Amino acid sequence: MVCAPIEIVASDGTTARGELSLRQPAATMGAAVDAVDPGAARAAGENFPVALRMLPTGRRRYLMAVYRFARTTDDVGDQAPPEQRMRLLDDLEADVRRLYAGGADEPGRGGDGAEPRSRVVRGLGPAVTECGIPMQPFLDLVEANRQDQVVSRYRAFDDLLGYCRLSANPVGRIVLHVFGSFTEQRAELSDAVCTGLQLAEHWQDVAEDLRAGRVYLPGQDMDAFGCTERDLARASAPPQVRELIAFETGRARELLDAGAPLIGTLRGAA
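Residues numbered from 1 in each chain as written. Predicted model: local features only at pLDDT ≥ 70, side-chain atom pairs only at ≥ 80, totals over all residues. Heavy atoms only, no water.

Participant: Help me out: how do you make sense of the overall build of the protein in this one?
Facilitator: Along the backbone of the protein there are 14 helices and two strands. For the protein, buried positions account for 45% of its 270 residues. Pairs at least 24 residues apart make up 63% of the contacts formed inside the protein by residues separated by at least 6 positions. (Helix = DSSP H or I, 4+ residues; strand = E, 2+ residues; numbered from the N terminus. Buried < 20%, exposed > 50% of the residue type's maximum accessible area, 1.4 Å probe, protein only. Contact = heavy atoms within 4.5 Å.)

Following this line, the structure appears as structure tokens:
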């Protein structure tokens with residue numbers, strides 16, 4: 001059996017070390033994923049509230065479980081050694097499928113009697129069972145991180161929207177299920193809000209993303225405004241970059257406005 005060393009850096013700066021291989025024991029695979037579990041401290045530092053204290057305890061617990069999964073998935077895609085990321089993401093997907101294979105009578109246990117290997121996936125069990133959350137949004141979040149491993153530039157705005165459908169929209173749909181408020185109409189409005197928020201985050205993180213080797217500004221738009229990646233890296237943004245960001249910010253605002261009617265359809269937490 002060929003093993004490779006693995007060191008995963010968690011969001012709080014701590015590391016987990018060990019060995020990982022195609023034939024690694026299940027418990028170790030789960031531990032490797034759980035090493036990047038962000039915990040409540042990371043949630044407190046997010047741009048948007050994750051689970052307000054005023055929410056009912058059950059709903060807040062479900063939202064934190066979803067947050068741990070989503071953030072851990074992102075951290076696997078960003079923090080794990082590049083050569084191990086796809087394998088860990090595959091393991092996360094297998095764990096999600098294992099969670100759903102048990103059915104409602106035996107949540108969190110697959111058809112072969114095996115529990116999910118990762119703590120963050122096992123933690124989804126109560127929310128999945130009590131709120132009827134479908135599997136696809138969780139698989140989409142994993143797929144978004146797979147895409148991040150092979151796609152670092154988006155030529156057209158529609159291509160970027162396709163990425164947001166995987167990376168952002170599933171979260172809003174899951175939250176609607178958590179609060180028992182999911183309908184197709186609300187889901188469409190939520191998609192607009194989530195995509196708008198995702199785009200806004202991209203536009204505020206242009207320099208950070210560029211240092212990580214990624215550019216989310218559509219290539220066609222950069223060409224139209226006469227921007228290059230060298231322009232994006234300059235300490236003081238030149239006029240063409242400012243104009244491009246203003247244009248993209250307007251697109252994000254339009255999406256947020258399009259999704260705003262969602263608020264009027266909701267009536268508080270139960």
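Participant: Can you walk me through the state of the cysteines in this structure?
Facilitator: Here a disulfide denotes a covalent bond joining the sulfur atom of one cysteine to the sulfur atom of another. Applying the stated rule across the entire model yields zero disulfides. The structure places no disulfide on C164, whose sulfur is separated from the nearest cysteine sulfur, that of C194, by 9.8 Å. (Disulfide = S-S within 2.5 Å.)

Participant: What am I meant to see in the packing of helix 3 (residues 57-79) against helix 7 (residues 136-150) here?
Facilitator: Axis angle and axis distance: for two packed helices, these are the angle between their axes and the distance between the axes, and together they describe the pair. Here helix 3 crosses helix 7 at 20 degrees, and the two axes come no closer than 9 Å. What the angle tells us is that helix 3 and helix 7 run roughly parallel. Viewed along their axes, helix 3 and helix 7 form a crossing whose handedness is right-handed. When helix 3 is examined against helix 7, the residues F69, A70, T73, D74 and G77 are found in contact with a partner set consisting of F138, L141, V142, N145 and Q149. (Axes fitted to C-alpha atoms, helices over the stretch in contact; angles between N-to-C directions. Parallel < 35°, antiparallel > 145°, perpendicular 65-115°, else oblique. Left-handed = near helix turned anticlockwise from the far one by under 90°.)

Participant: Which parts of the structure should I look at to understand the nonpolar core?
Facilitator: Most often, soluble globular proteins keep nonpolar side chains buried together rather than apart. Grouped together as the largest cluster of nonpolar side chains are 27 residues, with contacts concentrated most on F69, L92, V121, L124, I133, F138 and I174. Top contributing element to this core by residue count: helix 3, with seven residues. By size, the runner-up hydrophobic cluster in this structure holds 21 residues, among which are L160, Y163, V215 and A252. (Core = buried A, V, L, I, M, F, W, Y, C linked by side-chain atoms within 4.5 Å.)

Participant: Just checking my understanding: could you explain the pattern of salt bridges for this structure?
Facilitator: Per the counting criterion, the structure on display carries 14 salt bridges. The closest approach of N and O atoms between R97 and E93, which form a salt bridge, is 3.0 Å. Here E93 and R97 lie together in helix 4 (residues 82-101), a separation of four residues that amounts to about one turn. By relative accessible area, R97 is classed as partly exposed at 42%. One continuous salt-bridge network, built from bridges that share partners, spans D90, E93, R97, E143 and R146. (Salt bridge = Lys/Arg side-chain N within 4 Å of Asp/Glu carboxyl O.)

Participant: Help me understand the confidence of the model for the protein, please; the structure alone is not making it clear to me.
Facilitator: Of the residues in the protein, 74% reach a pLDDT of 70 or more, and the chain-wide mean stands at 83. Low pLDDT (under 50) marks residues 1-27, which in the prediction has 57 contacts with non-local residues, meaning those over four places away or in another chain. In this model residues 104-111 is a low-confidence stretch, pLDDT under 50, and it forms 16 contacts with partners more than four residues away in sequence or in other chains. (pLDDT = per-residue confidence, 0-100.)

Participant: Could you clarify how one ought to interpret the packing of helix 3 against helix 4 in this entry?
Facilitator: Following both chains from N to C, one finds helix 3 and helix 4 inclined at 160 degrees, their axes separated by 8 Å at the closest point. In terms of axis orientation, helix 3 runs roughly antiparallel to helix 4. For the pair helix 3 and helix 4, the crossing hand works out as left-handed. Across the interface between the two elements, F69, T73, V76, G77, D78 and Q79 from helix 3 touch R85, L88, L89, L92 and V96 from helix 4. Within the contact of helix 3 with helix 4, the residues separate by chemical class into six nonpolar, three polar and two charged. (Nonpolar A, V, L, I, M, F, W, Y, C, P; charged D, E, K, R; others polar.)

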